[in-house]
Amino acid sequence: MNVATILGIIGIIVTILGTIFHLQGQSVVGPESSFMYANPEWITYGIQIGLVGIVIIGIAVIIRIIKK
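As the structure is a computational prediction, the values presented were derived from the model and not from experiment.

Colleague: Report on the packing of helix α1 (residues 3–25) against helix α2 (residues 40–67), specifying residues and quantitative values.
Modeller: Contact geometry for α1 and α2: axes closest at 7 Å, N-to-C directions at 165°. Viewed along their axes, α1 and α2 adopt a mutual orientation that is roughly antiparallel. For the pair α1 and α2, the crossing hand works out as left-handed. Of the residues assigned to the contact of α1 with α2, the class counts are 15 nonpolar, ten polar and one charged.

Colleague: Can you lay out the packing of aromatic side chains for me, pointing to particular residues and giving the numbers?
Modeller: Throughout the structure, instances matching the rule amount to three aromatic pairs. Seen in terms of ring centroids, Trp42 and Tyr45 are 5.0 Å apart; in terms of plane orientation they differ by 90°. Their pairing is edge-to-face. You can see Trp42 and its partner Tyr45 sitting in helix α2, three residues apart, about one turn around the helix. Judged by relative accessible area, Trp42 falls into the buried class, the value being 16%. Tyr45 sits in the partly exposed class, given a relative accessible area of 35%. An aromatic cluster is present here, built from Phe21, Phe35, Trp42 and Tyr45 joined pairwise through their rings.

Colleague: Report on the environment of Thr44, specifying residues and quantitative values.
Modeller: Within the element layout of this structure, Thr44 appears in helix α2. A residue is classified by how much of its surface remains accessible, and Thr44, at 40% relative accessible area, is partly exposed. When the C-alpha positions of Thr44 and Ile6 are compared, they lie 26 Å apart, and in sequence the two are 38 residues distant.

Parameters and conventions
- Residues numbered from 1 in each chain as written.
- Predicted model: local features only at pLDDT ≥ 70, side-chain atom pairs only at ≥ 80, totals over all residues.
- Heavy atoms only, no water.
- Axes fitted to C-alpha atoms, helices over the stretch in contact; angles between N-to-C directions.
- Helix = DSSP H or I, 4+ residues; strand = E, 2+ residues; numbered from the N terminus.
- Parallel < 35°, antiparallel > 145°, perpendicular 65-115°, else oblique.
- Left-handed = near helix turned anticlockwise from the far one by under 90°.
- Nonpolar A, V, L, I, M, F, W, Y, C, P; charged D, E, K, R; others polar.
- Phe/Tyr/Trp six-rings, centres within 6.5 Å; stacked < 30°, edge-to-face > 60°.
- Buried < 20%, exposed > 50% of the residue type's maximum accessible area, 1.4 Å probe, protein only.

Listed below in structure tokens is the structure:
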């Protein structure tokens, strides 16, 4: 595996986790006993984590384009 593929996989995982955290903050998914459930701070944390994942995916795409 090359660096671009590894970064792409990491970016996808981080984006998915950010989406899950965001939805837990909005009380959409997750157990009610979770500290993230219905917590407005985790709505913004989830968005920020998701955006970091998208940036990582973008870097992976740029690396793949440059290496071709």
